[in-house]
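Listed here are the chains, written in short residue letters.
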Amino acid sequence: MYEDKHQTTSTMDTSAALMTFLSKVGLENSYPNKLTRQLLLEINRNSIYDEPGESVKTLPWRFLRQLYGVNAKCRNCRHVSSASDDDFLQLDDYSADDSAECNAVNPLDLILALFLCADSFLQQEMALKMSMCQFSLPLLLPHGNNSQRTLMLWALRDIVKEWCPHDLSQSKGFVEENIVQANIPLFSFVRLKNCSWSKSQLLNHVLSRGQQKCNIFTHREMEGGAVKREIANGLVEVCWYLPCGSESLDIFPNPATFTNLRGEICESLKEFRFLFQVSTVIFVCLDRVDEDELRILTSLQDVKSKLFLVVNRNGENKREDMMSVKKLVEELNLPNNRVRIKDPKLNVTEFSKKLCDAIKTLLLDVNTTVSIANMFDKAVELDISVDECKGNKQKEAAQQLVKEIGNQPIPVYKKQHLPLQIDKWKRLSQLEMDKWGLKENMSQLLEEEKNIRKVQNEHTTSTHMVMFSEQLSKCSREKRDFFLKWLRLELNAHSRTKLSELRNQFKEQCKNKDVKLIAELDQALVDSSLGIEHYMREMGLIYEFSTDSISSPIAADEIAHLPALAAEMLLDGYPLELLDGDASNIPERWVTDVLMELHKKVGQKSRLLVLTVLGVQSSGKSTLLNTMFGVQFPVSSGRCTRGAFMLFLKVGEDLKSELHCDFIVVIDTEGLKSPDLAQLEDSYEHDNQLATFVIGLSDVTIINIAMENATAMKDVLQIAIYTLLRLNKREKKTVCHFVHQNVSGVSAHAKIMTERKHLLDQLNEMTQIAAEMERQHSVKQFADVLNYDIEKNNWNIPGLWHGTPPMAPVNTGYSEAVAHFKKHLFQMVMSDKCNEFPEIPEFLVWMRSLWKAVKCENVMFSFRNTLVAHAFNNLFKEYTQWEWEFRKEILSWQTETQSEILNVHYQSDTHTWIMLVESKKSEASEKVEAEEKKMKESLNNYYRRKEKQVHLIENFIKDIFQSISNIADEIRHSLNTTLDFCFTLKKQVQEIYSRLPIDIENRKKSLLKDVQHCTLSDKQLTEMFEEMWAGVTHQHVHDIESLQTFGKVSFEDKSDHQTDSKNDDLQILAETITESCTKFVLDQAKLNTHSDDEFTVELLAKIDQAFQENGKGWQNKFEINLKLHICGIAAREFLKMQENSLQFD
């Protein structure tokens, strides 16, 4: 039976047919173009459970939800029929079949209806998702405004494809281009009225050869494909064939565009004429040719070079049919190589191979190519509207902005027009790290920070940023969206070639392992990236550094309005940069004010469930989030824009009470470093810092692991756990899910369980090591830090692609596994009745507190994993002991030498003193050199051991040797300064003694003179002397008075000293250590031979030794309080010692 008998519409008016169909599927109120992407981003019951509805009116929404999850089964959506099984037994009653036919929907009609009801941005996202599923896309819509055909240029603008022509396969190069800009041959397929086969099915066979069959075009043998089309006739669909570079897999060596006109050409003449004019070759599928069709085809210009007949020799009137075809061939003077006839003995698969050979020949001889973007003028000429006319002014503004970049390098452009985010912002970020780490002099740090902030505040806003800000703030929401989309498209096109070159160079250097060049190219990739996020970052920094006195083209009130603008964009589905990965910093004022504005806009109902995904770069983490939530985080190989971005997804009213939140905050992070970058200096610091921050910030963390990068993720997790243990600030544990990518097969769960257990054992071991280092003895396993269950929190996800890209569709198993994971993730959240998620103000307090704590832990992030940190910690303990022995020996020698110099008789000549000091300086240098050599020998001996895992810290040996040399230099300088001071002091004493007889004589005479008039008694004179003496001694002991407040009463064990398990012996332990240390203090005070530093260090070392020798089971606070208690006792004894010494003098 002929295709037209099954799939042609009635003769009713097309507009009436359209409205009838829209009403049938429940879209009448959404026409035209009223559906928005925001409707699809809401987290509601339907988006989680996705169950078939009972009404045909549920089909559009189910199709969209599945399409947003890139599920290729979305075209098979059916509603649950209310007909009972008995209906099918009533063979004489056709009413059941009529009812079913009435409610049935052809997938093409549904797709067309949704494109007509979707706004411009939803159309783009639908086209992008359909392209990922390898569906054909609408090129010409038969029903637009005023029933005018529409060229869907804007809807296809967002699609970027990669392919490898065979002439680039040897060099392993590839082409990456926006598909509407690609100049490639265009082959169009149409049919005549008499055509007994499905050209769509034939096209699928042609385009799927070499891979598993893919239904790119909907056809009659598909589910729902045999349902009569109601509105889709006249629709022109488009798809692309793109080679992967493999001769064994590729059907064609070069790319090509294929279009398919639905319905016969006589019913869609305007569409046919348009295709004929823009196509390289047009294939006409037919059984026979009618007279009206003959007139149409013979009236075409240049028909000989463009027409190709695909004839099906079939049916009862073969002879008559073939005669009509022969007549057409003769009148058009078509050569034999422009006709292919299918013999009845050949099936579609066999015939498709012949057709492929013909197309391949045409590709080799092709002289004309076409891009969809260049079809604009031809469409206007034929009175076909173009969907791109809507945002022309915004397009011009975006193009003007990018045009002014010109040929200058992107890094140069950034310095000129986006200056706040360059060097000084990065330096300010480093200063904040240094300030919290107390790496340098605090006053200098604060002064430099103040100067940088002043310079940043005085920056004049560039004209480009003024233009950008005005487009966002002064335009309507729709115009703002058009501007941002056009700007993103233009920027991507501008930087695509440059980034591609840099990535190729980077790959080459990774093979050569040139560390310096790898680092330079990695930074060049970051510097050469330019996207909307950089303009938004600059806008945030303008606000961050702004003050009340603003001298800027952007007025003060407009700057004050920026957070409200960004909050609006957050609610519209745009991401906000939380952490600037280039500078490793958060613009806290900007982020705080944006979120507080959002809090106001939603009526202060802003409970947040924060969900984060972490993974090594190119492991598919952004794709995972995009599939789960239908969002569009950037997806690319390698990382360009760095940091963390947050996206707000509204929770529907039907789930708020069950999820206990108003928004899901999805945080996407940059890919953590690949093995190529692991060899770089300080390569772990940024990744470890980022992972710790986002895990600590999240309620749910998804660890995205592909087996080839499991080690890298394990290392990052170890440091994150260690740091979170050190911070010890949040009562509620983050829920952790492991998603294992590229795992499929029915036995995968059982087979991978061994690997999971091995990974968990390693994480448990590392957690125990970290807990031991931090003396948190209640922490025994990984699950004590993060909420994790090996049975419930592991998910296997198959590979993303079903075949070899670029022609492979998304694997349906991938989409369904992600949907299953999403459903169970939210079910776990719902099942926890104790969940109470913070509102925005509480979230911001925690964010600032966490970020401050993370900055303080900067040193810890430089280690690769916990084993390295533990090995370094062991070395550090030994190093500290060596340093103490070094300093103790030098301090002892210094005390003896000072005493020796000061005890030289004051009547000795100056030369004798000089010679003595110089000899002592020489002796000091030898002493320091000997101790330095001894300390370095200890370090060498330590590295010769094997039980301390010293091989893990071999990279640090050079730095540690340098540190020893630095200590020696410092001590040497200190000794020389001390000896010089002793010499100066001795000279001053000599001068005093030389003047002493004269002074005594003068004072004696003065005293005798004063005594004659003195009325004070001996008792009063004594009291005056004691008062004077007390004042003198007070200034010597003032600095240690603060410690005297401790240790006045007996030490008491408190509840916050205990761990989870009650330790009744803690009080006894405290008393034992106090008694032992007090005895040590009294003994040393009697000897009076220590310097202040020596005495304090030795006392603290003795307390630490006492803790190590005793059992476990206390918090760090117990150690701190006990040390203060003992030091308080020591301070009073030390004070008595000083006072006795002064009184003796």
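Model, not experiment: these values are computed from the prediction. (Residues numbered from 1 in each chain as written. Predicted model: local features only at pLDDT ≥ 70, side-chain atom pairs only at ≥ 80, totals over all residues. Heavy atoms only, no water.)

Enquirer: Just give me the short version of the overall build of the chain, but keep the residues and values in it.
Expert: The helix and strand inventory of the chain stands at 40 helices and 18 strands. For the chain, buried positions account for 51% of its 1145 residues. For the chain, the proportion of contacts with a sequence separation of at least 24, taken over those separated by at least 6, is 79%. For the chain, the computed accessible surface area is about 54000 Å², with 49% contributed by carbon and sulfur atoms. (Helix = DSSP H or I, 4+ residues; strand = E, 2+ residues; numbered from the N terminus. Buried < 20%, exposed > 50% of the residue type's maximum accessible area, 1.4 Å probe, protein only. Contact = heavy atoms within 4.5 Å. Areas by Shrake-Rupley, 256 points an atom, 1.4 Å probe, with all protein chains shown as cover.)

Enquirer: Describe in detail the pattern of salt bridges, supporting the description with residues and values.
Expert: All chains considered together, the criterion is met by 47 salt bridges. The closest approach of N and O atoms between K600 and E597, which form a salt bridge, is 3.9 Å. On the criterion of helical spacing, the pair formed by K600 and E597 is a turn pair, its members being three residues apart in helix 26 (residues 588–601). Take K600: its relative accessible area is 55%, and that puts it in the exposed class. Among the salt bridges present, the one from D668 reaches K621, with a minimum N-O distance of 3.6 Å. Of the two residues, D668 is situated in strand 15 (residues 663–669) and K621 in helix 27 (residues 621–629); the sequence distance between them amounts to 47 residues. Considered together, D668 and K621 belong to a single accessibility category, that of buried residues. Through salt bridges with shared partners, a single network forms among R37, E125, R477, R480, D481, E568, D572 and K601. (Salt bridge = Lys/Arg side-chain N within 4 Å of Asp/Glu carboxyl O.)

Enquirer: Please give an account of the environment of S299 that cites residues and values.
Expert: Assignment of secondary structure puts S299 in the loop between helix 12 (291–298) and helix 13 (303–306). Measuring from C-alpha to C-alpha, the distance between S299 and L332 comes to 9.7 Å, with 33 residues separating the pair along the chain.

Enquirer: If you had to explain the packing of helix 12 against helix 14 (residues 318–332) to someone new, which residues and values would you point to?
Expert: The packing of two helices is summarised by the inter-axis angle and the distance between the axes. For the pair helix 12 and helix 14, interaxial distance at closest approach is 11 Å and the crossing angle is 20°. For the element pair helix 12 / helix 14, the angle class is roughly parallel. Helix 12 and helix 14 meet at a crossing whose hand is right-handed. Touching E291, L294, L297 and T298 of helix 12 are K327, L328, E331 and L332, all from helix 14. Looking at the contact of helix 12 with helix 14 residue by residue, the classes come out as four nonpolar, one polar and three charged. (Axes fitted to C-alpha atoms, helices over the stretch in contact; angles between N-to-C directions. Parallel < 35°, antiparallel > 145°, perpendicular 65-115°, else oblique. Left-handed = near helix turned anticlockwise from the far one by under 90°. Nonpolar A, V, L, I, M, F, W, Y, C, P; charged D, E, K, R; others polar.)

Enquirer: A description of the nonpolar core should follow, citing residues and the corresponding values.
Expert: Counting 161 residues, the largest nonpolar core has L156, F258, F274, F283, L309 and F629 as its most contacted members. Considering each element in turn, this core owes the most residues, nine residues, to helix 7 (residues 107–117). Those residues in contact with F283 that lie beyond four places of it in its chain are F187, S188, F189, V190, F308, V310, L355, I359 and L362. A398, M539, F663 and A720 belong to the second-largest nonpolar core, a separate cluster that totals 104 residues. (Core = buried A, V, L, I, M, F, W, Y, C linked by side-chain atoms within 4.5 Å.)

Enquirer: Any details on unusual backbone geometry? Residues and values, ideally.
Expert: Cis geometry marks the peptide bond from Y31 to P32; its omega dihedral reads -10°. As for its placement among the helices and strands, P32 is situated in the loop between helix 2 (14–24) and helix 3 (38–41). With omega at 10°, the peptide bond leading from P805 into P806 counts as cis. Mapped onto the secondary structure, P806 falls in the loop between strand 18 (794–797) and helix 32 (812–831). A positive phi is found at N333, a non-glycine position, where the angle reads about 55°. Relative to the assigned elements, N333 resides in the loop between helix 14 and strand 10 (339–342). Judged by relative accessible area, which is 49%, N333 ranks as partly exposed. Non-glycine residue S584 carries a positive phi angle of around 50°. One can find S584 in the loop between strand 12 (576–580) and helix 26.

Enquirer: Explain the sheet that holds strand 2 (residues 150–151) to me, and be specific about the residues and the numbers.
Expert: Strand order in the open sheet formed by nine strands is 10-9-8-5-7-6-1-2-11, with mixed pairing between adjacent strands. The open sheet has two free edges, formed respectively by strand 10 and strand 11 (385–386), since each of these has just one partner strand. In terms of strand pairing, strand 2 meets strand 11 through two bridges, oriented parallel. Bridged to L151 within strand 11 is V386. In the packing of helix 14 onto the sheet, contacts are made with strand 8 (281–286), strand 9 (307–312) and strand 10, and the angle to strand 9 comes to roughly 170°. (Pairing = 2+ DSSP bridges.)

Enquirer: So, the side chain of N764: which residues are in play, and what are the values?
Expert: Looking at where N764 falls in the secondary structure, it is placed in helix 31 (residues 748–773). Given a relative accessible area of 14%, N764 falls into the buried group. Polar contacts involving the side chain of N764 include one to the main-chain amide nitrogen of F782, which spans 2.8 Å. Those residues in contact with N764, other than ones at most four positions away along the chain, are K780, Q781 and F782. (Polar contact = N/O pair within 3.5 Å; in protein donor to acceptor, adjacent residues only side chain to side chain.)

Enquirer: Tell me about the sheet that holds strand 12, and name the residues and values.
Expert: The strand order across the open sheet formed by seven strands is 12-14-15-13-16-17-18, and the pairing between neighbours is mixed. Among the strands making up the open sheet, the edge pair consists of strand 12 and strand 18. Each strand of the sheet is rotated relative to its neighbour by a mean of 20°, with strand direction disregarded. Where strand 14 (residues 643–650) meets strand 15, seven bridges bridge the pair, whose relative direction is antiparallel. Paired with F648 across the two strands is V665, which belongs to strand 15. Its contacts with the sheet put helix 26 on strand 12, strand 14 and strand 15, and the angle it makes with strand 12 is roughly 155°.

Enquirer: Hey, could you go over the packing of aromatic side chains for me, with residue numbers and the actual values?
Expert: Going through the model one piece at a time under the given rule, you end up with 24 aromatic pairs. Their ring planes at 75° and their centres at 5.2 Å tell us that F738 and Y788 sit as a pair that is edge-to-face. Taken together, the residues F738 in strand 17 (residues 735–741) and Y788 in the loop between helix 31 and strand 18 connect sequence positions 50 residues apart. Owing to a relative accessible area of 10%, Y788 belongs among the buried residues under this scheme. Ring geometry for F782 versus Y788: centroids 5.6 Å apart, planes at 75°, classification edge-to-face. Side by side, F782 and Y788 carry an identical accessibility label, which is buried. (Phe/Tyr/Trp six-rings, centres within 6.5 Å; stacked < 30°, edge-to-face > 60°.)

Enquirer: Provide a residue-level description of helix 8 (residues 120–132), including the pertinent values.
Expert: Counted at 1.5 Å a residue, the expected span for helix 8 with its 13 residues is 18 Å, and the 19 Å between its end C-alpha atoms agrees. Taken across its 13 residues, helix 8 has 12 buried, putting it largely inside the fold. Residues S120, F121, L122, Q123, Q124, E125, M126, A127, L128, K129, M130 and S131 constitute the buried set of helix 8. Among the residues trailing helix 8, Q134 stands out with phi positive, at a value near 60°. (Expected span 1.5 Å × (residues − 1).)

Enquirer: Which residues make up the confidence of the model for the chain, and what values go with them?
Expert: Predicted coordinates in areas of low pLDDT are best not read in detail. For the chain, mean pLDDT is 82; residues scoring 70 or higher make up 80% of the total. When pLDDT is averaged over each element of the chain, strand 6 (residues 236–241) comes out on top at 97 and helix 1 (residues 3–7) at the bottom at 38. Overall, residues 1–12 carries pLDDT values under 50, and its contacts beyond four positions in sequence, including any with other chains, amount to 33 contacts. Low pLDDT (under 50) marks residues 1031–1041, which in the prediction has eight contacts with non-local residues, meaning those over four places away or in another chain. (pLDDT = per-residue confidence, 0-100.)

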